[in-house]
Structures are given as C-alpha cells and as structure tokens.
Amino acid sequence: MNQVSLQVDGELIDVPNFEAMLNPHPLYAELAAMGPVVRLRTHLGVEVYGITQWDTAIAVLRDARFSKSSINMQEALKKSGLSGPGSGFPISGAKSGNLLNTDPPDHTRLRNLVNMAFSPRRIELLRLRVEALVDDLLSRLVGREEADMIGEFAYPIGITMICELLGVPDDSRSNFRDWATKAMSPGHADQQQSLNLLMQYLGDLIAAKRKLVDDGAAPDAQPDVLSAMIATRLTNDALTEDELVSMSYLMLIAGHETTVGLIGNALLQLMRHPEQMTQLAGQPDLIKQAIEEVLRYDGPVHRTTMRATAEEVEIGGLTIPRGSFVQVLIAGCNRDAVRFPDPDRFDITRKPSQNLAFGYGAHFCLGLHLARLEAQTAITRALKAHPGMRLACSPEDIPWARTVIRAPARLPVRFGR
C-alpha cells in the first residue's frame, strides 16, 4: 500500500485513500512538488482541486469565495454527477444548518450560539472528569501483558466524554460506535442507514431535553452542552430543531473520532520514537509541545472537508472554475519545509508553531480545547502507568481505519519495563 505511485492523466491525478495508508506522506510531498494547487481524482471518484502548500492553504481558508454553504456544495455535487453521503461528505452533507455547511452570516450566528457551550472555561471544568476516566481505564490494564490501546483506551475516552458532554444516556452508547464508524466511511453499504439512525436518535434526544427545558427544569438538572444549546438565546435568536440535530451530529462525530485518532497516533509515534517517549515520560511538562507535534506530524485530520468555489478563482497559478470542489491537504501543508524546518522529523521539543490540524479562519475546529485536554491527559497518564510500553507487532501490521479520519483501527501494545 505504500508503493503507490501517482497516476497522471493529462492534468488530472488519481490519488489513493491517504488516511488508510501506513505512510502517505511521500505522496503528499510528491503532490506538493507539482505545485501549490493540483487537480485530483480521489479514490471515491470525486474530482477536486487539492491545496498542497502552506501559504496557499492559508489564502484559501480565509477567502470567502471558497464556500461551505449547502447551496454551493449542491451545485458542485450536481456538476460532478455525484450526490448524497456516499459521495464522501458524511459530516458536512448530513443536514443543513451546522458549522461545516454554512457561510457567514449564518455561520457567524451559529458559532456565536454554540461558542457559549464550548468555551475554554467550560472545557476546563471537565479536567477532573477526564483525569478520572483515564485513570479508571488504565487501572483495568494493571497486570495485563498486552492490550489494544484503541479499543480499550482511546475509544472509550473519546466516546465517553463526547456523550457525557452532549448528555447521551449510558444505555445508548453501545450503538454509537457502529453507527458513527459506518456514517464516517464513504462507500460503506450501511453508511446511509447508519446516518439515518444517528439523526433519528439525536432528534428524539433533543425533543426529550427540550421538553424538560420548556417544563422549567432547573439549569443544573441538565448540565450537558446539548441542553445548554437548547436553552441558549442571543436576544431573540435560538437554534432551530434542524440546527440542533445537525450541530449535535457534527459534535458527536467530530468530537470522538478525531480524539481517538489523536490519542492513537500519539501513542504510535511515541512508541516508534522510544527515545522521545522516554524523554516525555521523564519531562511531562513537554506534553503540550508533544501533542502539537503529533498534530503536525501525523494528526487525525489529513484533509479539510470540501469547499466549493462560489465564482471563478485564480490561485496558485491555476484558474479554478465556479462550482469546483477544493480541499486543503492539511497533512501535506503541515510538512511544508518553508514553514517547518526538517518537516519529516518527529520532534516533541520542536518550537511551537501554528499548524493546520484544527483548521484555520472562520471554520477552525470548535472542539480543539477538549481534544487537547483529552490527549494531553491520556498520554501523560499512560506513560506514567506504563513507561515501557511498546508495539506488540511491527508498524507495517497495524491496520488503519478506513473512515475519513486518520487513525489506527487497532493498536496492540505490550507492557513492562
């Protein structure tokens, strides 16, 4: 899978599923060498203009002509001959009215309403809960020789925290991994059905919580973010039912799949660089830098969601027609040598510098504070409990998830010094 060479048909380049590859970065570098903007055809058959270099990525991510609105996206879908979530848009195409498929002023309105529920202060209040959850999961591994640090550690952290944050009852969480994974797997036979099940469940959950709010329940009776969003108003403005369902779906998917990938990728890279794992175990104050380096070096989100050109745009030496899909190749831009010296070197002591792992501009990730808190806590405590952990298989044998998130599907490790 790592011996893939790019296929060039005139100006159109066929590319593989980068997220499922053991090491996709040489291909990102190959694309960047062709220019800052390249015409691609993805493994799902979607034609897209890929942004491969840092400076051009920044220009695209703050340019309103590269639109996220559902109207422009539908125009591009129609032009491409594709439609529906099976086309590779499991998040932004789920339903109208979330942060991934709106432009200002609608996007600004939604963000202002939701920001109240995801403020740094509110997330910081979760620190003790995250620490307790991580310690509980690690306690279950005491005396074990081996464990899957995705299924037994990273995934329970991600799904538990986002479900508690949204106020999803315990007895519903067993269904979420199956639904969410399939909904995030473009081309899966059950993708649409899983998406429908998730949306129906969230609609019912919101209706039940709204009834409690309307019946005058005390604010501390429902301390979750979903209830806070239901009750939130700016002057006379509030989230509609469709917006609540769509936003909660976005938070559920983006809030746990990405965290699983970040924790899994961090553990993997540290075990592949044991001298740095030893250094971090001995200097836990390096954890913030270490997580930022994982995000830069091999973060869980390798590409932005699609944007569609609202008009003809000249950028990076190319003219992109109106109604074309554009996608920033985050993983490639995060290894742009102009921005990051010696970019292919993993270095947890690297001087902090902004990367694109959480996006940029109006659509930067709302959950970045929670993701950092979970990953920093998980890695610090895992290294303290098991400083001698190591891979239980060769890196080449680690299976990668085939969703739109870059993450190991399993991560078998051995414990012991």
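Scroll up for the structure.
## Details of the overall build of the chain
For step 1, the next point in the chain: What the chain contains, in helices and strands, is 15 helices and twelve strands.
For step 2, the next point in the chain: Over its C-alpha atoms the chain spans a radius of gyration of 21 Å, differing by no more than 12% from the 22 Å that the globule rule assigns to 417 residues.
For step 3, the next point in the chain: Considering only C-alpha atoms, the chain reaches an extent of 60 × 55 × 40 Å along its principal axes.
For step 4, the next point in the chain: Here the chain holds 417 residues, and 57% of them are scored as buried.
For step 5, the next point in the chain: Pairs at least 24 residues apart make up 71% of the contacts formed inside the chain by residues separated by at least 6 positions.
For step 6, the next point in the chain: When the accessible surface of the chain is summed, it comes to about 17800 Å², and 51% of that surface belongs to carbon and sulfur atoms.

## Some details on the pairing of strand β3 (residues 37–41)
For step 1, the next point in the chain: Looking at chain direction, strand β2 (residues 12–14) and β3 are connected through three bridges and run parallel. Residue pairing in the sheet places D14 in a bridge with R41 of β3.
For step 2, the next point in the chain: With helix α1 (residues 25–34) bridging β2 and the parallel β3, this β-α-β connection has right-handed handedness.
For step 3, the next point in the chain: Bridging between β3 and strand β4 (residues 47–51) involves five bridges; their strand directions are antiparallel. Directly across from V37, in β4, lies its bridge partner I51.
For step 4, the next point in the chain: Connecting β3 to the antiparallel partner β4 that follows it, the hairpin turn spans five residues, and G45 within it adopts a positive phi of roughly 90 degrees.

## Some words on the nonpolar core
For step 1, the next point in the chain: Grouped together as the largest cluster of nonpolar side chains are 94 residues, with contacts concentrated most on F153, I379 and L411.
For step 2, the next point in the chain: Sorting elements by how many residues they give to this core places helix α11 (residues 241–272) first, with 16 residues.
For step 3, the next point in the chain: Excluding residues that lie within four positions of it along the chain, L411 makes contacts with A147, D148, M149, I150, G264, L267, L268, M271, L391 and I398.
For step 4, the next point in the chain: With 20 residues, the next largest nonpolar core counts L6, V48, A76 and F325 among its residues.

## Looking at the packing of aromatic side chains
For step 1, the next point in the chain: By the definition in use, this model includes four aromatic pairs.
For step 2, the next point in the chain: Directly above the ring of F364 sits R111, whose terminal nitrogen or CZ lies 4.2 Å from the centroid.
For step 3, the next point in the chain: Over the ring of W400 we find R406, and its NZ or CZ is 3.7 Å from the ring centre.

## Remarks on the pattern of salt bridges
For step 1, the next point in the chain: Taken as a whole, this structure holds 21 salt bridges when the rule is applied.
For step 2, the next point in the chain: A salt bridge links E152 to R144, with the nearest nitrogen and oxygen atoms 2.9 Å apart.
For step 3, the next point in the chain: Across the pair E293 and R350 runs a salt bridge whose closest N-O atoms are separated by 3.2 Å. Placement of the pair is E293 in helix α13 (residues 287–298) and R350 in the loop between α14 (330–333) and α15 (368–385), with a sequence separation of 57 residues. Comparing E293 with R350 shows no difference in burial state: the two are buried.
For step 4, the next point in the chain: One salt-bridge network, held together by shared partners, links E293, R296 and R350.

## Some details on the environment of D298
For step 1, the next point in the chain: Residue position: D298 is located in helix α13.
For step 2, the next point in the chain: Its relative accessible area of 4% is what places D298 among the buried residues.
For step 3, the next point in the chain: When residues no more than four places from it in sequence are discounted, the contact partners of D298 are H25, N265, Q269, W400 and R406.
For step 4, the next point in the chain: Side-chain polar atoms of D298 contact the side chain of R406, separated by 3.3 Å.

## Things to note about the packing of α11 against helix α12 (residues 274–282)
When two helices pack together, their arrangement is given by the angle between the helix axes and the distance between those axes.
For step 1, the next point in the chain: Look at α11 against α12: their axes get within 5 Å of each other, and the N-to-C directions meet at 110 degrees. Taken as axis vectors, α11 and α12 run roughly perpendicular relative to one another. Mapping the contact onto sequence places L270, M271 and R272 in α11 and P274, Q276, M277 and L280 in α12.
For step 2, the next point in the chain: Of the residues contributing to the contact of α11 with α12, the split by class is five nonpolar, one polar and one charged.

## Side note on unusual backbone geometry
For step 1, the next point in the chain: Of note, the amide linkage connecting P104 to P105 takes the cis form, showing an omega dihedral of 10 degrees.
For step 2, the next point in the chain: By the element assignment, P105 lies in the loop between α3 (70–80) and α4 (106–115).
For step 3, the next point in the chain: Although it is not a glycine, D342 sits at a positive phi angle of roughly 50 degrees.

## Looking at the packing of helix α9 (residues 191–214) against α11
For step 1, the next point in the chain: One can describe the packing of α9 onto α11 by two numbers: an axis separation of 9 Å at closest approach and a directional angle of 120 degrees. Regarding the angle of α9 to α11, the classification is oblique. In this structure, α9 meets α11 at a crossing whose hand is right-handed. For the pair α9 and α11, the contacting residues are L195, L198, M199, L202, G203, I206 and R210 in the first and E241, L244, V245, S248, Y249, L252 and I253 in the second.
For step 2, the next point in the chain: Looking at the contact of α9 with α11 residue by residue, the class counts come to ten nonpolar, two polar and two charged.

## Side note on the side chain of K68
For step 1, the next point in the chain: Its location among the elements puts K68 in the loop between β5 (66–67) and α3.
For step 2, the next point in the chain: It turns out K68 is buried and unbridged, and the closest side chain with the opposite charge, D103, is 7.8 Å from it.
For step 3, the next point in the chain: Engagement of the side chain of K68 in a polar contact is seen with the backbone oxygen of M306, the distance being 2.9 Å.
For step 4, the next point in the chain: Dropping the residues within four chain positions of it, K68 is found in contact with M73, L100, N101, T102, D103, T305, M306, R307 and H363.

## Things to note about the pairing of β4
For step 1, the next point in the chain: With four of its five residues buried, β4 lies for the most part within the structure.
For step 2, the next point in the chain: Sheet topology places β4 next to strand β10 (residues 325–328); three bridges connect them, and they run parallel. Its bridge partner lying in β10, I51 is registered against V328.

## Some remarks on the environment of L166
For step 1, the next point in the chain: Here L166 shows up in helix α7 (residues 150–166).
For step 2, the next point in the chain: On the accessibility criterion, L166 (0% relative accessible area) is buried.
For step 3, the next point in the chain: In this structure, the C-alpha to C-alpha distance between L166 and M229, residues 63 residues apart in sequence, is 9.6 Å.
For step 4, the next point in the chain: Excluding residues within four positions of it along the chain, L166 makes contact with K209, D224, L226, S248, M251 and L252.

So, how was this worked out
- Residues numbered from 1 in each chain as written.
- Predicted model: local features only at pLDDT ≥ 70, side-chain atom pairs only at ≥ 80, totals over all residues.
- Heavy atoms only, no water.
- Helix = DSSP H or I, 4+ residues; strand = E, 2+ residues; numbered from the N terminus.
- Rg over C-alpha atoms; globule rule 2.2 N^0.38 Å.
- Buried < 20%, exposed > 50% of the residue type's maximum accessible area, 1.4 Å probe, protein only.
- Contact = heavy atoms within 4.5 Å.
- Areas by Shrake-Rupley, 256 points an atom, 1.4 Å probe, with all protein chains shown as cover.
- Pairing = 2+ DSSP bridges.
- Right-handed = clockwise from strand over helix to strand, strands pointing away.
- Core = buried A, V, L, I, M, F, W, Y, C linked by side-chain atoms within 4.5 Å.
- Phe/Tyr/Trp six-rings, centres within 6.5 Å; stacked < 30°, edge-to-face > 60°.
- Lys NZ or Arg CZ within 6 Å of the ring centre and 35° of its normal.
- Salt bridge = Lys/Arg side-chain N within 4 Å of Asp/Glu carboxyl O.
- Polar contact = N/O pair within 3.5 Å; in protein donor to acceptor, adjacent residues only side chain to side chain.
- Axes fitted to C-alpha atoms, helices over the stretch in contact; angles between N-to-C directions.
- Parallel < 35°, antiparallel > 145°, perpendicular 65-115°, else oblique.
- Nonpolar A, V, L, I, M, F, W, Y, C, P; charged D, E, K, R; others polar.
- Left-handed = near helix turned anticlockwise from the far one by under 90°.
- Lys, Arg positive; Asp, Glu negative; His and termini not counted.

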